[in-house]
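Structure at a glance
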Amino acid sequence: MKGTYLGEFEEVVLLAVAIRAGDAYGAAVVNEIEQQMNRSVNLGAVHSALNRLQEKGLVRSEMGGISAERGGRRKRLYTVTNAGRRALEEVRELRSQMWEAIPKTAWS
Amino acid sequence: MSAAPPPLAQRLLRWFCAPHRLDELEGDLDELFHQRVEMEGLRQARWRYWRDVLSLMRPFIIRRQPAEYPDPLFTDMLRNYIKIAWRNLTKNKGYSAINIGGLAVGMAVAMLNGLWIWDELSFNNYHQNYDRIAQVVKQQIHEGETGVGQTMVYPLGTELKTKYRDTFRHLVRASFQQDKILAAGDNKLSVTGQFMDPEAPEMLSLKMIYGNRAGLNDPNAILISAQTARALFGDADPLNKVITLNNQTQVKVTGVYEDLPLNTEFHKTRFLTTWALFLQENDWIEKRAIDNWRNHFIKIYAEIPAGSTFDQVSERIKNAELNNIAHLPEESARKPQILLYPMSRWHLFPYERGQINKGPVQMVWLVGIIGGFVLLLACINFMNLSTARSEKRAKEVGIRKTVGSVRGQLISQFFSESFLVAMLALVVALFLTTVSLNWFNNLVAKQIVMPWNNGWFWATSTAFVFITGLLAGSYPALYLSSFQPVKVLKGTFRVGRFAAVPRRVLVVVQFTVSVTLIISTIIVYRQIQYAKQRPVGYSREGLITMPMKSDDFYGKYDVLRRELKNTGVVAEMSQSMGPVTDVYSGNNGFEWKGKDPRKDESFGTLAVTHEHGKTVGWQFVAGRDFSRKYASDSLGMVINEAAARYMGLANPAADAAVGELVTWRWWENNKPPIQYRILGVIKDMVMESPYEPIIPTVFYIKGHNGSVSWINIKIRPEVTASDALFKIEAVFKKLIPSAPFEYKFVDQEYAAKFAAEERIGTLAGFFASLAVLISCLGLFGLASFTAEQRTKEIGIRKILGASVASLWQMLSKDFVVLVIVACLIAIPTAFYSMSGWLQNYTYRTELSWWIFALAGAGALLITLLTVSFQAIKAALMNPVKSLRSE
């Protein structure tokens, strides 16, 4: 399925958007990823991934209202679309499927 | 907390980021920055801020947001622009008419001038091998001056044809153009033509209608032009028909060629016949000229082979003459060099008395410059009016911007408006040019046709429309579209003080050109008038003249004179060498008492019959006319005042010359000298150019240089010309039936001497009046615009008690100042250029101050009239009306 293939970083960003449901904007996603994964990411990388996800139809965005905390600057709020949710589920299923397939002897 | 993100990074972000994403991204960056300051410290936060900004330099961030507006098709917008432009034009009909009309007139003038120049430059282009044809000419030193002669000696032709045969593709000897009587059956016609070598039709690439270019190979052949063929044979096929030349020689038509167009050197040559016939008709050539390196009477033309240049060939034939004249020390001393004079230079750089006459090429420049100036004036108008109008449209720009026009659209709109006007002007100009072309052709004696099929013509016109549109549209398009709508609409917008400066400069330029042209026109006319009023020295009224074209004219003097006088309409008849409007012959070799040996200038030497004086009415200062009563008068001489002065015999008065003896030695020592006695001194007669000094001229009955060749007839003043001509023709038909009766009126011939100057005068007058007209149109437009702009001011001034006169003064003053400045520039310019022009004439008028004053005053008067119309209209307006509306 070309076009909906989910890269590793994209998967992480998509998960972060899902976690921050309703309040997922650039800085929040960065924070989320940094907290969860304990590694630093660039804002540019995050926006770039968000942009790609939007082009693939896995997230959608809209401009949020003005809030005082950012000096009156607006946020672009992302939400996971149905297609995005399905993509995440597929990845997860694929992973567990593969986990199942590991023979018991492998770890011994 | 005073922590702030690194400003440089912020600036960088604002620079590259698309505006619609900036807010959101700055928000993200800020939020992260503040978090990090708290958690990781300022330094780390700044560092990460930088990294984030740099990581954001990605195409999708940089790319600008596409317009949110619907994206109409380009043609849709164009249609709208044109519609708006059209509405604007029809709304201000007056301005539009001034604008389009002025520009169209300017363009039409430029077109006519361009066509004229094109015609001049394409002279002789008709011949296919135009760039390889040349005339063989001779450069030599004569009285210390290097000059070029175009008339060659017979043996040079032979020399080139034998020893230098390979150098040329064609070598054609030609006679001068001469009038011959061509007779076919009862049809008799006097036609101009030339004798040429058989290769001539090939060299000149004549387009044959009947026969072929080899037609002249038969010695008794003749080629005639289509016009001659029609006149002689009607529509019948003239091939192999017989024509009698000058009632003697029978020749056979072997071809008919298409008439050569007016802009070719040979357009007057309406028949071509063979070189062999030339020798046969002029038996003196074989007797005396064939080996004579001193007798110049033929022309030689050459076509060089492809691949060689004129310079190479000139170098090779350089000494063709010098090598053969060792036995003639006098000729050798002149160091004659033979060279080629390319066809492309014949028309624009002709030789006159051995030197290149720069007149024609200067005329091309002059016409080009005048055309350019008139066009410039029209463009200036166009620009001035468009920019002046556009200030009124500042509000429109404001509204348009408010409701969503972007700048690009406004620019397109203003440009499409100016292009539309320029296009309309072009259409009108094409119409004007087509309509006036006939008149223009008459004026300049050309046959120009509209080059509808010429790509260059269209390319130039289009380019011009484009440039004018661009220039005139650029101010409103680029400047007005940059206004901020808020300022314009609030009314705080003021066009700067200097916005009008370029417009003033343009008005000054316009009037400088106009005033210069007016002054020049007046001076040209004055010069013509001055020369026309010059005392002529003979009476032209009722004087007709005709060349004696064939042998049948000769030996019938007495019977002709008797018969003519018997008709009762002829006062007197005489014969002379050449017409009275020309000095046909000049010679030196005269000796007289007390002659300064250094003086050996050429005299005009003209043979006349006894009755010549009575016929042309020359006026005696001293002495008497020739008389048949005294047999010794056949060795008498009548000289003009110039000759008496030159000889130093008019001392103390002209009477002193009468009775003196003059001896004339012929330059070839084959004739005994003739001794003359001076019978009388006549007032100078203007026989040649009315602008030049009179040549010292002597008249005699018999001389060394041939005999009389023209007939002059004086019609009785009380008889009408038509009656007289009818009776005179009857006499000629009876006595000389073989020749057609063809005559010229001397007064018309004399008037023709002014043709060139009158043409310049008419053209200058025409251009000057157009320039004034265009300038005034522009001024009118500007004045009405200013008056309109200041309506409110005028209203308030009137309420406060200003009089109409003071308002008129206020509105006119600005323009008057501009025109005065223009006059101050124009007067020295015109003075300088016109005194240069007058230097061309020896007999010339003076530049008086009143000409300049008159032109200046005229310009001022016209300005005042133009401006006053608007000024008074504005000043008379009821202030209630002008102030009520807001």
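Reading the values: rules and limits
- Residues numbered from 1 in each chain as written.
- Chains lettered and ligands numbered in written order.
- Predicted model: local features only at pLDDT ≥ 70, side-chain atom pairs only at ≥ 80, totals over all residues.
- Heavy atoms only, no water.
- Helix = DSSP H or I, 4+ residues; strand = E, 2+ residues; numbered from the N terminus.
- Rg over C-alpha atoms; globule rule 2.2 N^0.38 Å.
- Buried < 20%, exposed > 50% of the residue type's maximum accessible area, 1.4 Å probe, protein only.
- Contact = heavy atoms within 4.5 Å.
- Lys, Arg positive; Asp, Glu negative; His and termini not counted.
- Charge placed at Lys NZ, Arg CZ, Asp CG, Glu CD.
- Salt bridge = Lys/Arg side-chain N within 4 Å of Asp/Glu carboxyl O.
- Buried area = accessible area lost by both parts, 1.4 Å probe.
- Polar contact = N/O pair within 3.5 Å; in protein donor to acceptor, adjacent residues only side chain to side chain.
- Expected span 1.5 Å × (residues − 1).
- Pairing = 2+ DSSP bridges.
- Domains from an automatic or database assignment.
- Axes fitted to C-alpha atoms, helices over the stretch in contact; angles between N-to-C directions.
- Parallel < 35°, antiparallel > 145°, perpendicular 65-115°, else oblique.
- Left-handed = near helix turned anticlockwise from the far one by under 90°.
- Nonpolar A, V, L, I, M, F, W, Y, C, P; charged D, E, K, R; others polar.
- 1 Å grid on protein atoms, 1.4 Å probe; cavity = no way out; pocket = protein on both sides within 12 Å on 5 of 7 lines; lining within 4 Å.
- Points joined across faces, edges and corners; volume = space filled by probe spheres on them.
- UniProt positions renumbered as here; feature names shortened; annotations may be inferred.
- Patch = residues over 30% accessible without salt bridge, like charges linked within 9 Å, V, L, I, M, F, W, Y side chains within 5 Å.
- Areas by Shrake-Rupley, 256 points an atom, 1.4 Å probe, with all protein chains shown as cover.
- Core = buried A, V, L, I, M, F, W, Y, C linked by side-chain atoms within 4.5 Å.
- Phe/Tyr/Trp six-rings, centres within 6.5 Å; stacked < 30°, edge-to-face > 60°.

An unreviewed UniProt entry lists chain B under the name ABC transporter permease, with Fibrisoma montanum as the source organism.

For chain A, the name recorded in an unreviewed UniProt entry is PadR family transcriptional regulator, with Fibrisoma montanum as its organism.

**Description of the overall build of chain B**
Per the secondary structure count, chain B includes 30 helices and 27 strands. In summary, chain B has a C-alpha radius of gyration of 39 Å against a globular reference of 29 Å for 886 residues, an excess of more than 25%. Along the first, second and third principal axes, the C-alpha atoms of chain B reach 135 × 75 × 60 Å. Per-residue burial over chain B gives 50% buried out of 886 residues. Here the contacts in chain B between residues at least 6 apart in sequence split such that 78% fall between residues at least 24 apart. On chain B, the mean spot of the 97 positive side-chain charges and the mean spot of the 78 negative ones are 8 Å from each other.

**Brief notes about unusual backbone geometry**
Residues and elements named next belong to chain B. Even without being a glycine, Asn246 presents a positive backbone phi close to 50 degrees. Within the secondary structure layout, Asn246 lies in the loop between strand 9 (242-245) and strand 10 (249-257). Taking the relative accessible area as the measure of exposure, Asn246 reaches 8% and is therefore buried. In this structure, Ala445 takes a positive phi of about 55 degrees despite not being glycine. When you line up the elements, Ala445 lands in the loop between helix 17 (407-444) and helix 18 (455-479).

**Quick look at the pattern of salt bridges**
Counted according to the given criterion, the structure contains 42 salt bridges over all chains. A salt bridge links Arg95(A) to Glu11(A); the shortest N-O distance between them is 3.2 Å. Separated by 84 residues along the polypeptide, Arg95(A) in helix 4 (residues 82-101) and Glu11(A) in helix 1 (residues 8-19) bring together distant segments of the chain. By relative accessible area, which is 45% here, Arg95(A) ends up partly exposed. Judged by relative accessible area, which is 10%, Glu11(A) ranks as buried. Between Asp52(B) and Arg36(B) there is a salt bridge; the shortest N-O distance is 3.0 Å.

**Describing the interface of chain B and chain A**
On the chain A side, the residues contacting the 20 residues of chain B number 21 residues. When chain B packs against chain A, close to 1900 Å² is buried across both sides, 43% of that on carbon and sulfur atoms. If you look at where chain B meets chain A, you find 5 salt bridges. A salt bridge links Glu34(A) to Arg36(B); the shortest N-O distance between them is 3.7 Å. Taken together, the connections running from chain B to chain A amount to 14 residue pairs in polar contact (both at pLDDT 80 or more). At the level of elements, helix 2 (19-40) and helix 3 (42-55) of chain B are the ones that each hand at least two residues to the side of chain B that touches chain A.

**Things to note about helix 2 of chain B**
With 22 residues, helix 2 of chain B extends 30 Å from end C-alpha to end C-alpha; this agrees with the ideal 32 Å at 1.5 Å per step. Positive phi shows up at Gly41(B), right after helix 2 of chain B, with a value of about 95 degrees.

**Here's the deal with the pairing of strand 10 of chain B**
All names here are of chain B. Counting buried positions over the 9 residues of strand 10 gives 7, a clear majority of the element. Two elements, strand 7 (residues 208-211) and strand 10, share 3 bridges in a ladder whose sense is antiparallel. The partner of Tyr210 across the bridge, within strand 10, is Val256. Across 5 bridges, strand 8 (residues 221-225) lies against strand 10 in parallel orientation. Within strand 10, the residue paired with Leu223 across the bridge is Gly255.

**Some remarks on the domain arrangement of chain B**
Segmentation of chain B into domains returns domain 1 (7-62), domain 2 (130-346), domain 3 (361-530 + 755-884) and domain 4 (543-752). The C-alpha centroid of domain 4 of chain B is placed 108 Å from the C-alpha centroid of domain 1 of chain B.

**Let's talk about the packing of helix 3 (residues 43-56) of chain A against helix 2 of chain B**
Viewed as axis vectors pointing N to C, helix 3 of chain A and helix 2 of chain B meet at an angle of 135 degrees, and their least axial separation amounts to 11 Å. By the angle class used here, helix 3 of chain A and helix 2 of chain B are oblique. Seen from above, helix 3 of chain A lies across helix 2 of chain B with right-handed handedness. When helix 3 of chain A is examined against helix 2 of chain B, the residues Leu43(A), His47(A) and Asn51(A) are found in contact with a partner set consisting of Arg21(B), Glu24(B), Leu25(B), Asp28(B), Leu29(B) and Leu32(B). Split into classes, the residues belonging to the contact of helix 3 of chain A with helix 2 of chain B amount to 4 nonpolar, 2 polar and 3 charged.

**Quick word on empty space enclosed by the protein**
All names here are of chain B. Across all of its chains, the model carries 5 cavities of 30 Å³ or more by this definition. Reported here for the largest cavity is a volume of approximately 100 Å³. For the lining of the largest cavity, the secondary-structure elements that each account for two or more residues are strand 16 (543-547) and helix 24 (721-735). Top contributing element to the lining of the largest cavity by residue count: helix 24, with 3 residues. Split into classes, the residues belonging to the lining of the largest cavity amount to 9 nonpolar, no polar and 4 charged.

**Remarks on the UniProt feature "transmembrane region" (unreviewed entry) in chain B**
Residue and element names in this part refer to chain B. Here, UniProt's "transmembrane region" (unreviewed entry) annotation points to residues 97-118, 363-385, 419-440, 455-480, 501-525, 763-787, 815-835 and 847-872. This span, residues 97-118, is 100% helix and 0% strand, and a straight line between its end C-alpha atoms measures 30 Å. Annotated as residues 763-787, this span is 100% helix and 0% strand, and its ends, taken at the C-alpha atoms, are 36 Å apart.

**Digging into a nonpolar patch on the surface**
Residues and elements named next belong to chain B. There is a patch of nonpolar side chains on the surface, built from Trp365, Ile369, Phe373 and Leu376 and spanning about 420 Å² of accessible area. Secondary-structure assignment places Ile369 in helix 15 (residues 359-392). Judged by relative accessible area, which is 45%, Ile369 ranks as partly exposed.

**Looking at the nonpolar core**
All names here are of chain B. Counting 85 residues, the largest nonpolar core has Ile639 and Phe699 as its most contacted members. Looking at this core, the element that brings in the most residues is helix 20 (residues 501-532), giving 11 residues. Taken domain by domain, the makeup of this core includes at least three residues from each of domain 3 (361-530 + 755-884) and domain 4 (543-752). Filtering out sequence-adjacent residues up to four positions away, Phe699 remains in contact with Leu606, Val608, Trp618, Phe626, Gly636, Met637, Val638, Ile682, Met685 and Met687. Membership of the second largest hydrophobic core comes to 51 residues, among which are Ala104, Val374, Ala422 and Phe457.

**Brief notes about the packing of aromatic side chains**
Residue and element names in this part refer to chain B. Considering all chains together, one arrives at 35 aromatic pairs over all chains under this definition. When the centroid spacing of 4.9 Å and the interplanar angle of 40 degrees are considered together, the rings of Trp275 and Phe278 count as tilted. With a gap of 3 residues between them, Trp275 and Phe278 both fall in helix 10 (residues 275-281), about one helical turn apart. The class for Phe278 is buried, based on a relative accessible area of 5%.

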